[in-house]
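# Tertiary structure, described
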Amino acid sequence: MQHTLQQIADRIKQANSVLIVTHMRPDGDAIGGALALSRALDFLKILNQVCVESDIPSNLTFLEGVEKVQKKPQDEFDLLVTVDCSDEQRLGGLSETFFIAKRKKIDTINIDHHVSNKLFAKYNYMHPCSANCMHICGLIEYMGAPIDKKTAEYLLVGLLTDSGNFSHDDVTEETMVLAGKLIKAGADICYCNEMLFKRQTKARAMLYARTMTGMRFYHDNRFAVIVVTKKNMDDCGADASMTEGFVDFPLNVDTVEIAASVLEVKRGQYKISLRSKHYADMNRLAGVYGGGGHVRAAGCMLFGEMEEVLDKISFTASQYLD
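Described below are features of the structure shown in this document. Residue positions are given per chain, counting from 1 as you read along its sequence in written order. Where local features are concerned, this predicted model is filtered to residues with pLDDT of at least 70; where side-chain atom pairs are given and counted, the filter is 80 or more; whole-chain, interface and lining totals use all residues. To get the side-chain values, all heavy atoms of the structure are used, and hydrogens and water are removed first.

### Topic: the pairing of strand β5 (residues 123–126)
Formally: Remark: exposure states derive from per-residue accessible area (1.4 Å probe, protein chains only) relative to the maximum for the residue type, with buried under 20%, exposed over 50%, and partly exposed in between. Secondary structure elements follow DSSP: runs of H or I no shorter than four residues count as helices, runs of E no shorter than two count as strands, and numbering proceeds from the N terminus. Strand pairing follows a simple DSSP-based rule, namely that at least 2 bridges must link the two strands.
Along β5, one buried face is formed by Tyr-123 and Tyr-125 and the opposite face, lined by Asn-124 and Met-126, is buried too. Across four bridges, strand β4 (residues 107–112) lies against β5 in parallel orientation. The residue of β5 that forms the bridge with Ile-109 is Tyr-123.

### Focus: the environment of Leu-79
Put simply, the rule is: Note on contacts: a residue pair is in contact if any heavy atoms of the two residues lie within 4.5 Å.
With respect to the element layout, Leu-79 can be found in strand β3 (residues 79–83). With relative accessibility at 0%, the residue Leu-79 sits in the buried group. Leave out the neighbours within four places in its chain, and Leu-79 touches Arg-11, Ile-12, Ala-15, Ser-17, Val-18, Leu-19, Ile-106, Asp-107 and Ile-109.

### Some thoughts on unusual backbone geometry
Its identity as a non-glycine residue notwithstanding, His-219 has a phi of 50°, on the positive side. Mapped onto the fold, His-219 is located in the loop between β6 (216–218) and β7 (223–228). Since its relative accessible area comes to 27%, His-219 is described here as partly exposed. The phi angle at Asp-220 is positive, at roughly 55°, despite the residue not being glycine. Summarising the element assignment, Asp-220 is placed in the loop between β6 and β7.

### Looking at the pattern of salt bridges
Definition in use: Should a side-chain nitrogen of Lys or Arg be within 4 Å of a carboxyl oxygen of Asp or Glu, the pair is scored as a salt bridge.
With the rule as written, the count across this model stands at 15 salt bridges. Across the salt bridge formed by Lys-68 and Asp-42, the nearest N and O atoms sit 3.6 Å from each other. With Lys-68 in the loop between β2 (47–51) and β3 and Asp-42 in helix α2 (residues 28–43), this residue pair connects regions lying 26 residues apart in the sequence. Here the residues in one salt-bridge network are Arg-11, Asp-107 and Lys-122, joined through shared partners.

### As for helix α5 (residues 149–162)
Spelled out, the test is: What a helix is expected to span follows from its residue count: subtract one and scale by 1.5 Å.
With 14 residues, α5 extends 20 Å between its outermost C-alpha atoms, agreeing within 8% with the 20 Å of an ideal straight helix rising 1.5 Å per residue. Listed in full, the buried residues belonging to α5 are Thr-151, Ala-152, Glu-153, Tyr-154, Leu-155, Leu-156, Val-157, Gly-158, Leu-159, Leu-160 and Asp-162. As for α5, its buried residues are in contact with α2, α4 (133–143), α6 (173–184) and α7 (189–197). Positive backbone phi, approximately 65°, marks Gly-164, located one or two places after α5.

### With respect to the packing of aromatic side chains
For clarity, the cut-off: Here is the rule: rings of Phe, Tyr and Trp (six-membered ring for Trp) pair when centre to centre is within 6.5 Å. Planes less than 30 degrees apart are stacked, more than 60 are edge-to-face, and the remainder are tilted.
In total, this model carries six aromatic pairs according to the counting rule given. Note on Tyr-218 and Phe-223: the rings are 5.9 Å apart at their centroids and 40° apart in plane angle, and the pair reads as tilted. Residue class for Phe-223 comes out buried when judged on its relative accessible area of 0%.

### Things to note about the sheet that holds β2
This is how the line gets drawn: Angles run from 0 to 180 degrees between N-to-C directions of axes, and those axes are lines fitted to C-alpha atoms, restricted for helices to the stretch in contact.
Spatially, five strands are ordered β2-β1-β3-β4-β5 in an open sheet, and the strand pairing comes out parallel. Two strands lie at the open edges of the sheet, namely β2 and β5, each paired on one side alone. On average, each strand axis in the sheet is inclined to that of its neighbour by 15°, with strand direction left out of account. Across five bridges, β3 lies against β4 in parallel orientation. Bridging from a neighbouring strand, Leu-80 pairs with Thr-108 of β4.

Have a look at this one:
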C-alpha cells in the first residue's frame, strides 16, 4: 500500500527512536539520503541511528558525519525506516533486523524510487525519479526540519551520484530545480563533484586499468562486459567499493547499448551491474535473475563458474537488444 510523504512525516514525528537502514554496498544516494534524514531527526530531537551492513565506499568518506553509520543497531528503536531499498533482501545482513522488527509489531517505513520496489513495509512511498534523495528532501520539508548546508550537501551527493551527474534520461526539470535549491541552501556543487568524480586512489586507478584491458564484446559489439576478479583486486590492493562507476566506461563505446560489470564477490558468486544507453530495460533483464532496479540501471546476483556466468548474462542480454 502506498502512502503520502505527509502521512509518513506524521508517523516519523510520533517516534521516540528511529533506526534508518539502507541497502548493502551503498552508493551516494543511499548514504546521502540516510544521513540527511538522520540530521533532520536530530533537529527534531528524535533519537536515531543509521546502519548499513557494508563498509562506506571510499568516495563517500569525505562526508562529514559519515562516521556515525554503524553496521548493526546499537540501541533499541520503535520505528524502522528503509531508504533507497527495493526489497528486504537488499538490506543484506540487516534484513534480519527488519524481520525481527515486524515480528515485534514495530512499524516499518519504506522510501524508495526503484521501479522494482515491492512495497514491503507497513508505510510505503515509492515513485520513480532521478534519485531517492528527492523524496528524502520532500519528507524533511513535511517534517518541518530545516535544510541547512550540511543536509543540502548530503542530498546533493545523492542527486549527483544517482543521476550520473545529471546525465541519465530520468533527469527532469524537477531534478534541476532541486539541485538549484540545494545549492542555494549552501551545498558546494564544485566540492561535491571533485570529491565524488575527480579523485581516486592509486589502487583504484590500477584496478580500473587492469579491468578495462580485459573488456569483452558480444552481439555485434552492442553488449560489453567487464570482469572484476578478486585476484585483480588483491593484486592492486583494492576492494569492491572502489569499483563504483566502472560499468559506465564500456557504455561509452559508441556501438554499445548494454554494459555489464561482473564483480567476483567470492568463488562462484558474482554481483552483476547493468546499464543501458537508449532503449534496453535493465530492470526486466535483472529481474530474470531475481534482481531489479531502474530501467537504465539495475543489478542482480549470479552463481556458477565465471564463463558460465558470462554465457548466461550474454544470452539474456541478447533478448533485450533490438
